[in-house]
Each structure stands twice: as structure tokens, then as C-alpha cells.
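Structure at a glance
One-letter residues, chain by chain:
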Amino acid sequence: MRPPYGPSYARMARRPTSASVARPARSADPAALARRLLAWYERNRRSLPWRALPGKAADPYRVWLSEIMLQQTTVATVGPYFGEFLARWPTLQSLAAAELDEVLHAWQGLGYYARARNLHRTARLIASEYGGRFPESEAALKALPGIGPYTAAAIAAIAFGQASAAVDGNVERVVARLFAVREALPGAKRRLAALARTLVPRERPGDHAQAMMDLGAVVCTPGRPRCSLCPWHKDCAARAAGIAETLPRRPLRRPRPMRRGVVFWLVRGGREVLLRKRPAEGLLGGLMELPTTAWKGGVPPPSELARQAPLALSWRPLPGVVRHGFTHFELELTVLAGSVGETIERPNGVNEGETHRWCRLDRLSDVALPTVMKKVVAHALANGG
Ligand code: SF4
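Residues numbered from 1 in each chain as written. Predicted model: local features only at pLDDT ≥ 70, side-chain atom pairs only at ≥ 80, totals over all residues. Heavy atoms only, no water.

Attention shifts here to the domain arrangement of the protein chain. Here the domain parsing of the protein chain yields domain 1 (18-246) and domain 2 (258-382). In this structure, domain 1 and domain 2 have C-alpha centres spaced 38 Å apart. Counting residues at the interface gives seven residues for domain 1, matched by 15 residues for domain 2. Both sides of the domain 1 and domain 2 interface together cover about 820 Å² of buried area, and 44% of this is carbon and sulfur. The largest contributions to the domain 1 side of the interface with domain 2 come from Gln 108, Tyr 113 and Arg 117, which together make up 55% of the buried area. Taken together, the connections running from domain 1 to domain 2 amount to one salt bridge. It is helix 6 (residues 100-107) that provides the largest number of residues to the side of domain 1 that touches domain 2, a total of three residues. By residue class, the composition of the side of domain 1 that touches domain 2 is three nonpolar, two polar and two charged. (Domains from an automatic or database assignment. Contact = heavy atoms within 4.5 Å. Buried area = accessible area lost by both parts, 1.4 Å probe. Salt bridge = Lys/Arg side-chain N within 4 Å of Asp/Glu carboxyl O. Helix = DSSP H or I, 4+ residues; strand = E, 2+ residues; numbered from the N terminus. Nonpolar A, V, L, I, M, F, W, Y, C, P; charged D, E, K, R; others polar.)

This part takes up the site of the ligand. Around the ligand, the surrounding shell consists of Arg 177, Val 219, Cys 220, Pro 225, Cys 227, Cys 230, Cys 236, Arg 239 and Ala 244. Classifying every residue of the shell around the ligand by side-chain character gives seven nonpolar, no polar and two charged. (Near = heavy atom within 4 Å.)

Right, let's talk about the confidence of the model for the protein chain for a bit. Averaged over all residues, the pLDDT of the protein chain is 89; the fraction at 70 or higher stands at 90%. Element-level mean pLDDT values for the protein chain span from 42 in helix 1 (residues 9-13) up to 98 in helix 5 (residues 92-97). In the model, residues 1-19 has pLDDT below 50 throughout and makes 34 contacts with residues more than four positions away in sequence or in other chains. (pLDDT = per-residue confidence, 0-100.)

The subject of this paragraph is the packing of helix 3 (residues 60-70) against helix 7 (residues 114-129). Any two packed helices are characterised by the angle at which their axes cross and by the distance between the axes. Packing of helix 3 against helix 7 leaves a shortest axis separation of 10 Å and a crossing angle of 160 degrees. By the angle between their axes, helix 3 is roughly antiparallel relative to helix 7. As helix 3 packs across helix 7, the resulting crossing turns out to be right-handed. Packed against helix 3, whose contacting residues are Trp 64, Leu 65, Ile 68, Met 69 and Leu 70, the element helix 7 presents Arg 115, Leu 119, Thr 122 and Ala 123 at the interface. In terms of residue class, the contact of helix 3 with helix 7 is made up of seven nonpolar, one polar and one charged. (Axes fitted to C-alpha atoms, helices over the stretch in contact; angles between N-to-C directions. Parallel < 35°, antiparallel > 145°, perpendicular 65-115°, else oblique. Left-handed = near helix turned anticlockwise from the far one by under 90°.)

Right, let's get into helix 9 (residues 149-160). Along its 12 residues, helix 9 runs 16 Å from first to last C-alpha, staying within 8% of the 16 Å computed at 1.5 Å per residue. Most of helix 9 is tucked away, with 10 of its 12 residues classed as buried. Along helix 9, the residues classified as buried are Tyr 150, Thr 151, Ala 152, Ala 153, Ala 154, Ile 155, Ala 156, Ala 157, Ile 158 and Ala 159. In the core, the buried residues of helix 9 are packed alongside helix 3, helix 8 (138-142) and helix 12 (205-219). Of the residues trailing helix 9, Gly 161 is marked for its positive phi of about 65 degrees. (Expected span 1.5 Å × (residues − 1). Buried < 20%, exposed > 50% of the residue type's maximum accessible area, 1.4 Å probe, protein only.)

This is the structure:
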């Protein structure tokens with residue numbers, strides 16, 4: 001018969017790296033740890049718009065939508081977006097029937113647009129391949145676009161009551177401290193995930209997952225853990241050793257590389273600006289942008305700039321640069337401004353209606369521009385572009 005809990009942490013602690021892992025300070029079995037956590041959760045659970053009320057079944061669509069939105073985004077930011085998405089697309093079927101551009105537009109401000117594209121693809125896939133019902137297993141969920149191991153485990157546990165351990169950065173921190181794991185990330189990831197699995201109870205795994213999230217977000221916070229409020233106060237090995245704030249350990253961050261590019265701010269008739277659509281795949285895929293050179297280590301030479309410019313014009317560099325940080329690199333953009341009359345010949349490589357379009361300057365806020373391009377627009381308008 002399956003034991004009521006995952007592999008015991010005692011077994012985990014017997015592994016060869018036991019020098020870097022301590023047992024919890026108080027001799028507690030996983031069942032007792034899980035019970036204390038659930039009791040704390042009953043009194044302290046956060047009230048979040050995507051959460052089912054106590055004792056009620058969770059809606060997989062809400063769980064999935066919220067988990068995708070929460071990837072790399074805070075609860076406070078996600079709240080209003082979640083409400084607006086749900087009001088507009090109350091069911092998976094309605095989201096599947098939406099146009100991608102509508103979804104991208106509604107996603108504006110949440111960033112990491114690949115999530116919105118995958119959200120839409122997954123909605124369509126579930127509607128067409130799964131009869132509109134989410135698959136319940138972690139493995140099947142993980143096979144869907146945009147659903148990684150953490151999100152699959154969170155949906156499986158919260159929406160379907162499966163004994164899955166959803167391990168993100170918050171949970172890694174809690175587990176690293178509870179067991180005083182001194183091994184640094186990312187090397188410690190597998191160990192932390194295995195330890196997290198030992199804590200998952202067979203009963204109420206969804207509440208357990210949400211309790212871990214709440215504990216990490218509210219009590220076992222990165223800077224100053226509020227140990228006096230913690231249900232594992234007496235169990236926590238890192239607190240007992242006085243090293244909680246130093247865990248989890250991380251290697252020093254390397255600075256992100258710098259990329260540069262040139263953006264063309266081309267105004268027609270003093271009231272429209274040229275936009276183009278980025279390729280569907282890749283960074284900011286499918287979003288509108290101002291025409292730009294590729295973003296590389298340096299600014300392209302003049303001959304290359306002339307080739308990539310939408311028109312052979314006397315381009316005027318605007319003062320200053322636009323800076324933006326992406327996850328893996330920093331970007332610095334120079335803006336070249338040009339203007340043409342109402343009637344011009346078709347610009348270079350411009351396929352109007354498909355990849356390019358003219359947009360009224362006073363309607364730019366209606367376009368799903370990524371944040372970096374909003375910065376370019378603000379910079380151009382402020383500098384007489
Ligand atoms: Fe985190 Fe402190 Fe609780 Fe340990 S006792 S798990 S460090 S909040």
C-alpha cells in the first residue's frame with residue numbers, strides 16, 4: 001500500500017551529502033510537519049481572487065490562468081488582470097475562441113508575452129484535443145504549452161487533489177531553511193525538490209501547496225523571515241542554527257550582457273507612425289513594434305543601417321538612448337527619426353496590412369506594444385520625433 005507521505009526525509013538526510021543537510025531541529029515526522037502547516041493555513045490563508053473558498057473545489061481554469069499570470073509577476077500586479085481576463089473570457093472555451101491579438105492586448109503590462117501566446121495555444125489545444133477538460137496528471141499537464149514542472153504540479157495538486165509538490169523559488173527557500181540545506185542553488189534544486197516532496201500529505205495536497213506558497217510569501221520571506229509567526233518555528237533547522245537569512249545560498253550573479261540596436265521612428269503626414277509585427281516565435285513574438293535593427297553587441301554600421309531603414313531618408317538621431325532590461329540581457333536603443341508627407345512610395349520591405357501598418361499617434365495606446373517599445377514611443381515624443 002502507498003504510504004501516506006512521500007519518501008521520508010529521514011531517507012533524504014541519509015544521502016551522501018548529509019553534511020550539507022540537517023534534520024529539522026525538533027524531531028518531527030513529515031505528517032506532523034504537514035499537520036502544523038495545514039493548521040496554520042486554516043487560520044492564515046490569503047484570500048486571493050483565484051482561490052476556491054475553504055471546502056470548495058477549485059476550478060482548473062482559474063488555477064491555470066492564475067498560475068500562468070503569476071510566473072515572474074507579483075500577486076498585487078496579477079489581481080486586476082485576473083479579474084479582467086475572467087470577466088472577458090469566463091471559460092476556457094471562450095478564451096480558446098478569442099483572437100491571439102485580443103489576448104496579447106489584454107496581457108499588456110504583464111510582460112513575458114510568450115506566456116500569453118502559450119495561454120492561448122493551450123486553451124485551443126484543450127478545447128480541441130481534450131474536449132475542453134484539463135488533463136489531471138502532472139505529466140499530461142507538463143506537455144501543454146507554457147506549463148512547466150512547477151505549474152503542472154500546482155494545477156495537479158490544487159485543482160485535482162494529486163499529491164504533487166509545486167516547487168518554485170519561494171518553496172525552495174522555505175525547504176532550504178527548514179532542513180538547513182547549505183548547498184548552493186542551482187545545484188541544490190533536486191535535493192530541495194526531493195525534500196519538498198517528503199512534506200506533501202496525501203490528504204489535502206492542494207491546501208498544502210497553497211500553504212507552502214503563503215508561508216514563503218508572507219512568513220518565510222527572503223530578507224527577514226518572521227520566524228515567531230511560523231508553524232515550523234520549533235522544527236526549523238536553519239532558525240535553530242541562526243542561519244535562516246543566509247539560505248538558500250546562491251552563486252554571485254554575473255552581469256547581464258549589453259545589446260544595442262537602432263529604432264526607426266517614421267512619421268507620415270505629421271500624424272501617423274510606422275509599426276511592424278515581430279515574427280510569431282522568439283522574443284516578444286507576435287507583438288507590434290517600431291521597426292528596429294536586430295539587437296546585437298554593437299550598433300550596425302552605416303551601410304547596414306541604410307539597408308535596414310524603412311526608407312532612404314535623412315534620418316535624424318534623437319538625443320539620448322532608451323534602456324530596457326530583459327531577463328538575459330540589457331538593451332540600449334538609439335532612435336532615428338524621419339518624416340514623410342501623406343503620399344509616399346511604399347517603404348522598404350513593407351507589407352502593409354500584414355507585417356506593417358501606419359498607426360495614428362493618438363491611437364498608439366490602443367496597440368499591444370511591449371514595454372520596451374512604449375519607452376521608445378515616450379522617448380521619441382519627448383524629444384521631438
Ligand atoms: Fe522560515 Fe523561520 Fe519558519 Fe524557518 S522558522 S521556515 S526560517 S519562517
